[in-house]
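# Geometric and topological summary
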Amino acid sequence: MIRLLLAEDQGMMRGALALLLNLEPDMEVVAEAGTGTAALAAALRVRPDVALLDIEMPAGSGLDTAAALRQQLPSCRVLILTTFGRPGYLRRAMEAGARGFLVKDGPVEELAVAVRRVLAGERVIDPALAAAALATGPNPLTEREREVLAAAVDGATVADVAARLHLSESTVRNYLSAAIGKTGTRNRIEAAHTARANGWL
């Protein structure tokens, strides 16, 4: 039996996926979680063969959890499931050690096949998303530029961001200016929107 961990913050979606995957003759969902930290703890406890991780979860994203699993439980294969087919997410997922990346609107049979392929050592990537990732290119923002842009996304002032990240206001302005230039936008709100739409934040 293929032992699965299912991490999804929406309870109804998680329950439906678990029900459908448990109908597969060679699969068993041995743990479920609604947050990134709960998923990591469950994985270390039950040691699944494959972890199915949603990207956007509270208390640790699927990307953070994938990176932690690569370090702490390298035998566990990671398959990312997301509603948001953003090219930057795909790149970040692969960098975090994920073996597969699928959008949730596909048929469950496709998911079961992907689980088997990932366990066999293959990479499984949604074809449309792979094409979009190649067309978009790599994330142009540095880690620090992403951090500053993410901190400014909720309308925080330069002073707020500087205090939150322990930087000077001029340094924050420099990072924001660089992010605006690299995203080809007019201001930090547009830069944040573009970065988020591409999965760079």
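First, a word on what this report is: a plain description of the structure on this page.

The rules behind these values
Residues numbered from 1 in each chain as written. Predicted model: local features only at pLDDT ≥ 70, side-chain atom pairs only at ≥ 80, totals over all residues. Heavy atoms only, no water. Helix = DSSP H or I, 4+ residues; strand = E, 2+ residues; numbered from the N terminus. Buried < 20%, exposed > 50% of the residue type's maximum accessible area, 1.4 Å probe, protein only. Contact = heavy atoms within 4.5 Å. Pairing = 2+ DSSP bridges. Axes fitted to C-alpha atoms, helices over the stretch in contact; angles between N-to-C directions. Parallel < 35°, antiparallel > 145°, perpendicular 65-115°, else oblique. Left-handed = near helix turned anticlockwise from the far one by under 90°. Polar contact = N/O pair within 3.5 Å; in protein donor to acceptor, adjacent residues only side chain to side chain.

On to the side chain of Thr82. Within the fold, Thr82 resides in strand S4 (residues 77-82). Overall, the relative accessible area of 0% leaves Thr82 in the buried class. Ignoring anything within four residues of it in the chain, the contact list for Thr82 reads Asp54, Ile55, Phe101, Leu102, Val103 and Lys104.

Moving on to the sheet that holds strand S3 (residues 50-54). Within the open sheet, the 6 strands sit side by side as S2-S1-S3-S4-S5-S6. Their pairing is parallel. Only two strands of the sheet have a single neighbouring strand rather than two, namely strand S2 (27-33) and strand S6 (124-125). Bridge count for strand S1 (residues 2-7) against S2 is 6 bridges, and the pairing is parallel. When the sheet's bridge partners are listed, Arg3 is paired in S2 with Glu28. With respect to the sheet, helix H3 (residues 62-72) is in contact with S3 and S4, its orientation differing from that of S3 by roughly 155°.

Let us now look at the packing of helix H7 (residues 143-152) against helix H8 (residues 158-165). Put simply, H7 and H8 touch, their axes get as near as 9 Å, and they point 125° apart. Taken as axis vectors, H7 and H8 run oblique relative to one another. By crossing handedness, the relation of H7 to H8 is classed as right-handed. Residues Arg144, Glu147, Val148, Ala151 and Ala152 of H7 form the contact with H8, whose participating residues are Val161, Arg164 and Leu165.

Of note, the phi angle at Ala59 is positive, near 50°, even though the residue is not glycine. Positioned with a positive phi, His166 is a non-glycine residue whose angle comes to about 60°. Within the secondary structure layout, His166 lies in the loop between H8 and helix H9 (169-183).

What follows deals with the side chain of Asp54. Within the secondary structure layout, Asp54 lies in strand S3. One polar contact links Asp54 to Lys104, side chain to side chain, over a distance of 3.2 Å.

That's the geometry; what it means functionally is another story.
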